[in-house]
Amino acid sequence: MTSLITLCGKELRDLSRNRSVRLLILFLAVVVVLSVLVAAADFRTKTADYTSYLAALKASGGAVNAPPPDLFPLQMLRAGMEYLEIVGSLFAVILGYGLIAKEKNNGTLELLFTRPLARHSFAAGKILAALIIWTAVTAALFAVITAALLIAGNAPLTGTDFIRLIIAAGHTIIYLTLWSLAALALAALTRAPATGLVLALVLWLVVVLVIPQIGDTMDPDNQIPGGLFASLQIDKAHEHAVMANFTGYETSRDLIEQASLTKQYERPLFAWLGIKDQYNQQSPAFVWAGTFNHTLWLLAGFAAAAAAALLAGTRDKLLRKA
Amino acid sequence: MTDMAIETSALAKTYGSKQALEALSLEVPRGEIFGLLGHNGAGKTTTVNILTTLLPASSGTARIAGHDVTTGADRVRRSIGYLPENVHFYDNLTLTENLTFFARLSGVPDPAARIAAALEAVDFTGHGQEKMSSFSKGMRQRAGIAQAILHEPAVLFLDEPTSGLDPQGVAKLREIIISLNQSLGMTVFMNTHLLAEVTKTCTSIGILSSGRLIYQNSVAATLGAFPDQASLEDIYLHIEAGTPS
């Protein structure tokens, strides 16, 4: 346990002073926060327009009660979450690869493994460091984007909204750490860490971009810009009635999407934040009932990546020469 | 407790069909500075890697300070210090942070005191707060020896310790090795092919050729046994030439 903490502490200190890591995290933070700020500005404008419209209506003596527009503050996070999903996971791969590559390329493994280390403490120290790094980065990012919603968007967040944000942050920590651990395992398993990086990038490409893209392409509603059903002026009830005739096709499409851990992250994330219409303004119990299976798959993916990293990061596997 | 710091019996290592080390039987008494000589590819680094538990042997046995490298690997690791040929540290950390890290991994109870003592032993005080990225090769070698002796090991393994050093660096390192051996009583096992250095530093030598130990004796006895040879280098070449490959 002592060596695990020592290894983890060294890793955190080393990473915190690594310019490339700092640059990547800063870039991620800027794009995420910027996207939220843009959405927040739009939200603020729409709210102000509605307020001034109401005031004008009242001043003209109009008796019509204008309904407020559908403005849900957490939906402003959509673009930011997509950046985390794609760019964040890519950076997580690079970070995970770096955790092993620097030891293999610099030759520090020989100094480490002539010390009395327990079999899995080297990998466990790296895993713990990756988890702590992504927890810190995600917590800081969510704190900033929540502040952006409140200040720049002037958004009225409720207590439930804060809980939804915390759950979304939890999913993000698991998702990003998972990618770092997968890259770590591949860099440890391959003799040359660069080969591991290439394999991790191929895996990332397939899971994050290719599979979700296949699912999106198969979605009937995505065949026309703006949506097939919307362009045909078919409402939701009728859309569901139409789609009921294509359950086999939809099941296949759903299974393809579910093969991607990115979708297992995105579905609960978008549900908790109300980005997905069917979960917007629904109770936490409703959201949980509809998405817990995705959360469990995400956790299973995390456990598998952690186990792979733990098994791959042993003395005998790491000391094989390139 | 055995008087031998290092004992190997029929130690062998094969990589596929290539025999890197063949039936190596070697005894190095405590308190020696032992130099393992041999041309490139003779099996010196393979021997050190097996003795430091970095590489499993294909057959045979090896004991360091009485502990078997296979069945008592962790006890061996507590008994040895190791300086690889090209020593690397974590460049984003300072020397003290690097040494603290390795001291903690070795279970040193008071890292700060031991780091001060180790830096003093290698005459390298005053550099503790400098980042490793600013260190020259000679400075890294001294820092490397400091990390190797943090836990006061019984046996110190040095793989080509003078490789790439300038003459001043070589002389300083020699002085440090002899001092560690004499003042702390450490047994030193070094791989080298710089024979002039061996004469000045080592008390005994072994010669490896194509994975086989073809000679072992004290330096003094070796020099006395070949009066017609001018130097250890000539003796080495003479012994090597007499060995069928």
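Since we're looking at a predicted model, the values are computed, not measured.

Novice: Is there a simple way to think about the overall build of chain B in this case?
Specialist: Of regular secondary structure, chain B possesses nine helices and ten strands. Since a compact globule built from 245 residues should have a radius of gyration of about 18 Å, the 18 Å found for chain B is in line with a globular shape. Dimensions of chain B along its principal axes, counting C-alpha atoms only, are 55 × 40 × 35 Å. Counting over 245 residues, chain B shows a buried share of 54%. In chain B, the share of contacts with a sequence separation of at least 24, taken over all contacts with a separation of at least 6, comes to 70%. Counting every atom, chain B has about 10,000 Å² of accessible surface; 50% of that belongs to carbon and sulfur. In chain B, 18 positive and 24 negative side-chain charges are present, and the distance between their average locations comes to 6 Å.

Novice: In this structure, what is going on with the pattern of salt bridges? I would like to understand it.
Specialist: Side-chain pairs of opposite charge can arise where the charged atoms are in close proximity. Enumeration according to the criterion identifies 25 salt bridges over all chains in this entry. Taking the shortest distance from any N to any O, the salt bridge between K10 of chain A and E11 of chain A comes out at 3.0 Å. The class for E11 of chain A is buried, based on a relative accessible area of 1%. The partner of D123 of chain B in a salt bridge is K172 of chain B, and the shortest N-O contact between them spans 2.8 Å. Note that D123 of chain B is positioned in the loop between α4 (111-121) and α5 (137-149) and K172 of chain B in helix α6 (residues 167-184), a separation of 49 residues in sequence. Here the salt bridges share partners, and the residues they tie into one network are D219, E250, R253, D254, E257, K263, E266 and R267 of chain A.

Novice: When you look at the sheet that holds strand β4 (residues 59-64) of chain B in this model, what are you seeing that I'm missing?
Specialist: Note: strands within a sheet are paired through backbone hydrogen bonds, in either parallel or antiparallel orientation. Residue and element names in this part refer to chain B. The strand order across the open sheet built from four strands is β2-β1-β4-β5, with neighbouring strands paired in antiparallel fashion. Two strands in the sheet have a free side with no partner beyond their single neighbour: β2 (18-29) and β5 (67-68). Of the strands in this sheet, β1 (4-15), β2 and β4 are in contact with helix α1 (residues 44-51), which crosses β1 at around 120°.

Novice: Explain the packing of helix α3 (residues 78-106) of chain A against helix α5 (residues 121-151) of chain A here, please?
Specialist: Helix packing geometry: the angle between the two helix axes and the distance between the axes. All names here are of chain A. At their nearest, the axes of α3 and α5 sit 12 Å apart, and the two run at 150° to each other. In terms of axis orientation, α3 runs roughly antiparallel to α5. The hand of the α3/α5 crossing is right-handed. Every residue of α5 that contacts α3 at M81, L84, G88, F91, A92, L95, L99, I100, K102 and E103 is listed here: F122, K126, A130, I133, W134, L141, F142 and I145. Its residues placed into classes, the contact of α3 with α5 shows 14 nonpolar, one polar and three charged.

Novice: Just checking my understanding: could you explain the sheet that holds strand β6 (residues 80-83) of chain B for this structure?
Specialist: Residues and elements named next belong to chain B. The six strands are arranged β6-β7-β8-β3-β9-β10 in an open sheet whose pairing can be described as mixed. Edge positions in the sheet fall to β6 and β10 (212-218), since each has one partner strand and no second. Adjacent strand axes in the sheet meet at a mean angle of 15°, parallel and antiparallel pairs treated alike. Across five bridges, strand β7 (residues 155-159) lies against strand β8 (residues 187-192) in parallel orientation. If you follow F157 over to β8, its bridge partner there is F189. Packed on one face of the sheet, α1 meets β3 (33-37), β6, β7, β8 and β9 (204-209) and runs near 150° to β8.

Novice: Help me understand the confidence of the model for chain B, please; the structure alone is not making it clear to me.
Specialist: Any segment with low pLDDT has predicted coordinates that should not be analysed in fine detail. Here chain B shows a mean pLDDT of 89. Residues at 70 or above account for 98%. Scored by ipTM, the complex comes to 0.88, with pTM at 0.88.

Novice: Explain unusual backbone geometry here, please?
Specialist: It is generally the case that most residues other than glycine have a negative phi and that most peptide bonds are trans. All names here are of chain B. Positioned with a positive phi, A23 is a non-glycine residue whose angle comes to about 45°. Tracing the sequence through the fold places A23 in strand β2. Positive phi outside glycine occurs at E160, with the angle close to 45°. Relative to the assigned elements, E160 resides in the loop between β7 and α6. In this structure E160 comes out as buried when scored by relative accessible area, which is 8%.

Novice: Help me understand the packing of aromatic side chains in this model?
Specialist: Enumeration according to the criterion identifies 13 aromatic pairs over all chains in this entry. Judged by centre distance (5.7 Å) and plane angle (80°), the ring pair of Y90 of chain B and F101 of chain B falls under edge-to-face. Highlighted residues: Y90 of chain B in the loop between β6 and α3 (95-105) and F101 of chain B in helix α3, separated in sequence by eleven residues. Accessibility classification places Y90 of chain B together with F101 of chain B in one group, the buried group. Relative to F189 of chain B, the ring of F157 of chain B has its centre 5.3 Å away and its plane inclined at 50°; by these criteria the two rings are tilted. One end of the pair, F157 of chain B, is in strand β7; the other, F189 of chain B, is in strand β8, and 32 residues separate them in sequence. Note on accessibility: F157 of chain B and F189 of chain B belong to one class, buried. Three or more aromatic residues joined by ring pairs form one cluster here, namely F89, Y90, F101 and F102 of chain B. Seen from the ring of Y90 of chain B, K10 of chain A lies directly overhead, with NZ or CZ sitting 3.8 Å from the centre.

Novice: So what exactly am I meant to see when it comes to the pairing of β3 of chain B here?
Specialist: Working note: regular strand, side chains alternate between the two faces of the sheet. Residues and elements named next belong to chain B. Within β3, five of the five residues are buried, which leaves it mostly tucked inside the rest of the structure. The pairing of β3 with β8 spans five bridges and is parallel. From the neighbouring strand, L37 faces β8, where its bridge partner is T192. Across four bridges, β3 lies against β9 in parallel orientation. Bridged to L36 within β9 is G206.

Novice: Just checking my understanding: could you explain the environment of L77 of chain A for this structure?
Specialist: All names here are of chain A. You can see L77 is positioned in the loop between α2 (19-59) and α3. Using a relative accessible area of 0% as the deciding quantity, one classes L77 as buried. Expressed as a C-alpha distance, the spacing of L77 and V32, which sit 45 residues apart in the sequence, is 8.6 Å. Look past the residues within four positions of L77 in its chain and what remains in contact with it is V36, I145, L149, L165, L273 and I275.

Novice: It is not clear to me how the environment of R44 of chain A should be interpreted in this structure. Could you clarify?
Specialist: Here R44 of chain A lies in helix α2. Along the primary structure R44 of chain A and L149 of chain A are separated by 105 residues, whereas in three dimensions their C-alpha atoms are 9.5 Å apart.

Novice: Just to check I follow, could you spell out a nonpolar patch on the surface for this structure?
Specialist: All names here are of chain A. The grouping of I86, V198, V202, L205, V206, L209, V210, I214 and I256 at the surface amounts to a nonpolar patch, some 640 Å² of accessible area in total. When residues in the nonpolar patch are grouped by element, the largest group, seven residues, is from helix α7 (residues 193-218). Its place among the elements puts V210 in helix α7. The class for V210 is partly exposed, based on a relative accessible area of 39%.

The rules behind these values
- Residues numbered from 1 in each chain as written.
- Chains lettered and ligands numbered in written order.
- Predicted model: local features only at pLDDT ≥ 70, side-chain atom pairs only at ≥ 80, totals over all residues.
- Heavy atoms only, no water.
- Helix = DSSP H or I, 4+ residues; strand = E, 2+ residues; numbered from the N terminus.
- Rg over C-alpha atoms; globule rule 2.2 N^0.38 Å.
- Buried < 20%, exposed > 50% of the residue type's maximum accessible area, 1.4 Å probe, protein only.
- Contact = heavy atoms within 4.5 Å.
- Areas by Shrake-Rupley, 256 points an atom, 1.4 Å probe, with all protein chains shown as cover.
- Lys, Arg positive; Asp, Glu negative; His and termini not counted.
- Charge placed at Lys NZ, Arg CZ, Asp CG, Glu CD.
- Salt bridge = Lys/Arg side-chain N within 4 Å of Asp/Glu carboxyl O.
- Pairing = 2+ DSSP bridges.
- Axes fitted to C-alpha atoms, helices over the stretch in contact; angles between N-to-C directions.
- Parallel < 35°, antiparallel > 145°, perpendicular 65-115°, else oblique.
- Left-handed = near helix turned anticlockwise from the far one by under 90°.
- Nonpolar A, V, L, I, M, F, W, Y, C, P; charged D, E, K, R; others polar.
- pLDDT = per-residue confidence, 0-100.
- Phe/Tyr/Trp six-rings, centres within 6.5 Å; stacked < 30°, edge-to-face > 60°.
- Lys NZ or Arg CZ within 6 Å of the ring centre and 35° of its normal.
- Patch = residues over 30% accessible without salt bridge, like charges linked within 9 Å, V, L, I, M, F, W, Y side chains within 5 Å.

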